[in-house]
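Close look at the chain arrangement
Below, each chain spelled out in residue letters.
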Amino acid sequence: MHINWTSLMQNEKKQFENMNEHDKFVYFLLLQYGSPYGWGMENPISADCSGKVCMALFAATGLLIRTTADDLFKRVFTRVNPRNTDIRAVFYVTKKDMKHGDRMVAAGTCTHIAGFVDEGVILNSQQPTARVRRVNDVSDWYQRNGYDIHIRGLNRAELERLAKEGKTVYGLDKEFSDFFNVV
């Protein structure tokens, strides 16, 4: 038995087209399950935490931005107390100045983001791959290591504004255009 990928993907495309934005966001996060972590990347082959969320936002809304977890926290996901039906993410924000990778970050900097796929469940992208995890399991580690945890909903008006500005802090990977048509 073999999978007919062409037929399967045509069916997936039809289902995706009938989804609302929230469900498209979740679907695209789950599509990235098991993909390798790649710092500064944003394509289905390899992406970092903010790259995966930015891709899912683009797939869901058609609005393209590529920015950092900190910028997403401070400017894009600003709705507090979001509903389960909102596009949501969890943010991990430093309580004090600390080393993050090879650099120092100031207190109040968001260094990690994960998109919600269901109540209490996120797609967490960290080395080596993206995995579906319980938000509490991931958050426990961050809290023990000096982070505050924030769950926020998408501010769509701000996403639209930033997309019109062409907000791409990193620029896009050359592989991005292999998967997405950017108009």
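All of these numbers come straight from a predicted model, not from anything done at the bench.

So, how was this worked out
Throughout this description, residue numbers start from 1 for each chain and increase along the sequence as written. Two thresholds apply to this predicted model, a pLDDT of at least 70 for residue-level local features and 80 or more for giving and counting side-chain atom pairs, whereas whole-chain, interface and lining totals are computed over all residues. Each side-chain value is worked out from all heavy atoms of the structure, with water and hydrogens disregarded. Per-residue accessibility, obtained with a 1.4 Å probe over protein chains only, is compared with the maximum for each type, and a residue is labelled buried under 20%, exposed over 50%, and partly exposed between these values. Where helices and strands are cited, they refer to DSSP runs of H or I of at least four residues and of E of at least two residues respectively, numbered from the N terminus. Strand pairing is assigned whenever DSSP detects at least two bridges linking the two strands. Here a pair means two rings of Phe, Tyr or Trp (six-membered ring of Trp) with centres within 6.5 Å. Their orientation is stacked below 30 degrees between planes, edge-to-face above 60, and tilted elsewhere. Points on a 1 Å grid over protein atoms alone make up a cavity when a 1.4 Å probe fits among them but cannot get out, and a pocket when they form an open set with protein on both sides within 12 Å along at least five of seven lines; lining residues each have an atom within 4 Å of a point. Grid points are joined across faces, edges and corners, and a volume is the space filled by probe spheres set on the points. Put simply, Ala, Val, Leu, Ile, Met, Phe, Trp, Tyr, Cys and Pro go in the nonpolar bin, Asp, Glu, Lys and Arg in the charged bin, and everything else, Gly too, in the polar bin. Multiplying 1.5 Å by the residue count of a helix minus one yields the expected span of that helix. Remark: nonpolar core denotes a set of buried residues (Ala, Val, Leu, Ile, Met, Phe, Trp, Tyr, Cys) joined through side-chain atoms within 4.5 Å. Note on contacts: a residue pair is in contact if any heavy atoms of the two residues lie within 4.5 Å.

**A look at the pairing of strand S7 (residues 110-118)**
In terms of residue burial, S7 counts as a mostly covered element, since 8 of its 9 residues are buried. Where strand S4 (residues 88-94) meets S7, 5 bridges bridge the pair, whose relative direction is antiparallel. Within S7, the position partnered with Val-93 by the bridge is Cys-110. In this structure, S7 lies alongside strand S8 (residues 121-125), joined through 3 bridges in antiparallel fashion. Bridge pairing in S8 places Asp-118 opposite Val-121.

**So, the packing of aromatic side chains**
Summed over all chains, the structure comprises 10 aromatic pairs. Ring centres of Trp-141 and Tyr-142 lie 4.9 Å apart, and the angle between their planes is 85°; on these two criteria the pair is classed as edge-to-face. Among the residues examined, Tyr-142 registers a relative accessible area of 6% and is labelled buried. Here Phe-176 and Phe-180 contribute two aromatic rings whose centre-to-centre distance is 4.6 Å and whose plane-to-plane angle is 25°, an arrangement assigned as stacked. In this structure, Phe-176 and Phe-180 share a single accessibility class: buried. Put simply, the rings of Phe-28, Phe-58, Phe-176 and Phe-180 pair up and form one aromatic cluster.

**Quick word on the layout of surface pockets**
Here the largest pocket is characterised by a volume of approximately 490 Å³. The wall of the largest pocket is formed by 23 residues, among which Tyr-37, Trp-39, His-100, Arg-103 and Thr-111 lie closest to the centre. For the lining of the largest pocket, the secondary-structure elements that each account for two or more residues are helix H3 (49-61), helix H4 (69-76), S7 and helix H5 (135-144). Counting residues per element, the lining of the largest pocket draws most heavily on S7, at 3 residues. Here the residues of the lining of the largest pocket sort into 9 nonpolar, 10 polar and 4 charged. By volume, the second largest pocket amounts to about 320 Å³. Lining the second largest pocket are Phe-16, Phe-28, Leu-31, Pro-44, Phe-58, Ala-59, Asp-178, Phe-179, Phe-180 and Asn-181. Contributing elements (two or more residues each) for the lining of the second largest pocket: helix H2 (21-31), H3 and helix H7 (176-179). Here the lining of the second largest pocket is composed, by residue class, of 8 nonpolar, 1 polar and 1 charged.

**Brief notes about H3**
For H3, spanning 13 residues, the distance from its first C-alpha to its last is 18 Å, which sits close to the expected 18 Å at 1.5 Å a residue. In terms of burial, H3 is a largely internal element, 13 of the 13 residues being buried. Within two residues after H3, Gly-62 carries a phi angle of roughly 80°, on the positive side.

**Points about unusual backbone geometry**
The omega torsion of the bond from Gln-127 to Pro-128 falls at 0°, within 30 degrees of zero and hence cis. Tracing the chain through its elements places Pro-128 in the loop between S8 and strand S9 (130-134). Although it is not a glycine, Asn-81 adopts a positive phi angle of roughly 55°. Looking at the secondary structure, you find Asn-81 in the loop between strand S3 (79-80) and S4. Taking relative accessible area as the criterion, Asn-81 reaches 72% and is therefore assigned exposed.

**Focus: the nonpolar core**
Judged by nonpolar contacts, the single largest core of 37 residues is most densely connected at Phe-25, Leu-57, Leu-72, Val-76, Phe-77, Phe-91 and Ile-113. Mapped onto this core, the elements with two or more residues apiece are H2, H3, H4, S4, S7 and helix H6 (156-165). No other element matches H3, which puts 9 residues into this core. Other than its neighbours up to four places away in sequence, Phe-77 contacts Val-53, Leu-57, Leu-72, Ile-87, Arg-88, Ala-89, Phe-91, Arg-152, Gly-153, Leu-154 and Asn-155.

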